[in-house]
Amino acid sequence: KFGYCQKGTSVVMFRDNALRRHAYFTESQSSIGLYCTPTIQGSRSGGVIASAWACMMHMGEEGYQREAKLIMDAVSAIKQGVDAIDGLCVAGNPVMSVVGIVSTGALDVYHVSSAMSKRGWTLNNCKDPPCAHICVTRANCMLAKAKFVEDLRESVADVEQNPKDYEKCDGAMYGVMVALPDTSAQSDIMHEYLDVMLGLVDETK
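Residues numbered from 1 in each chain as written. Predicted model: local features only at pLDDT ≥ 70, side-chain atom pairs only at ≥ 80, totals over all residues. Heavy atoms only, no water.

**Student:** Hey, could you run me through helix 6 (residues 183-198) in this one?
**Tutor:** What sets the pattern is the α-helix's 3.6 residues per turn: residues three or four places apart point alike. Here helix 6 spans 23 Å end to end across 16 residues, near enough to the 22 Å set by a 1.5 Å rise per residue. The element helix 6 is largely exposed, with a buried count of one among its 16 residues. (Helix = DSSP H or I, 4+ residues; strand = E, 2+ residues; numbered from the N terminus. Expected span 1.5 Å × (residues − 1). Buried < 20%, exposed > 50% of the residue type's maximum accessible area, 1.4 Å probe, protein only.)

In structure tokens, the structure reads:
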């Protein structure tokens, strides 16, 4: 992600053969006879490796440092801005590009997350503790530095002034789901969510 290359180009280096064997896939009873691959994934295209190499050569060390500074400048602005908003604070002291936001009182952070969605932001909701987080990347760092805190402040005010608007929002539904004591029910809901996300427009016809 932060190497600006396609996913699937990571390299795992093993200390010895015994460790590496855990990654092997072998099958002696298949219809094609004996089969083995270094990983269960099987063969992989060399194109992604070639494109990763080309990207790294194009960016260079200075390029990666420049992009990282733009990202971390935005992170710093977000951290300072969030801590200045009454009812919210930064979760811990993030040193990388993911910033978690938690409530310091009665404010429902999941509702704030939904309010941010109305303003064009996609935050990820988390469970323990209840929080919403933004992953700052090169794609959003300039806008995040300029606008995120302002939109977050407006979202907090929106939630506080219009609580009924957020009683059945996505954030509220998430809060109900993570509070369920039955983990199998949570799993069923997630399966249903993926069915809806991946389903065709009308699968009954």
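**Student:** Would you mind going over the sheet that holds strand 6 (residues 131-135) with me for this structure?
**Tutor:** What links the strands of a sheet is backbone hydrogen bonding, and the strands pair in either a parallel or an antiparallel sense. Within the open sheet, the four strands sit side by side as 3-4-6-5. Their pairing is antiparallel. The open sheet is flanked by strand 3 (88-90) and strand 5 (124-126), the only strands paired with a single partner. Taken over all neighbouring pairs, the strand axes of this sheet differ in orientation by 30° on average, direction set aside. Note: strand 5 against strand 6, three bridges, orientation antiparallel. Bridged to Asn124 within strand 6 is His133. (Pairing = 2+ DSSP bridges. Axes fitted to C-alpha atoms, helices over the stretch in contact; angles between N-to-C directions.)

**Student:** Please clarify how the pairing of strand 6 should be interpreted in this entry.
**Tutor:** Two faces make up the sheet, and in a regular strand the side chains alternate between them. Across the five residues that make up strand 6, a large majority, four, are buried. One ladder, built from four bridges, connects strand 4 (residues 98-103) with strand 6; its direction is antiparallel. Counted as the bridge partner of Val99 is Ile134 from strand 6. Taking the residues between adjacent antiparallel strands as the criterion, strand 5 and strand 6 are bridged by four residues.

**Student:** Teacher, can you tell me more about the environment of Thr37 here?
**Tutor:** Here Thr37 shows up in strand 2 (residues 33-37). Classification of Thr37 by relative accessible area gives buried; the value is 11%. Each C-alpha atom, one on Thr37 and one on Glu167, is 52 Å from the other, the two residues being 130 residues apart in sequence. Those residues in contact with Thr37 that sit more than four places away from it in its chain are Tyr24, Phe25 and Gly42. (Contact = heavy atoms within 4.5 Å.)

**Student:** It is not clear to me how helix 3 (residues 109-118) should be interpreted in this structure. Could you clarify?
**Tutor:** Counting buried residues in helix 3 gives eight out of 10 residues, a clear majority hidden from the surface. Buried within helix 3 are the following residues: Val109, Tyr110, His111, Val112, Ser113, Ser114, Ala115 and Met116. Where helix 3 begins, the side chain of Asp108 points an oxygen toward the backbone nitrogen of Tyr110, at a separation of 2.8 Å. Just beyond helix 3, the residue with positive phi is Gly120, at close to 95°. (Polar contact = N/O pair within 3.5 Å; in protein donor to acceptor, adjacent residues only side chain to side chain.)

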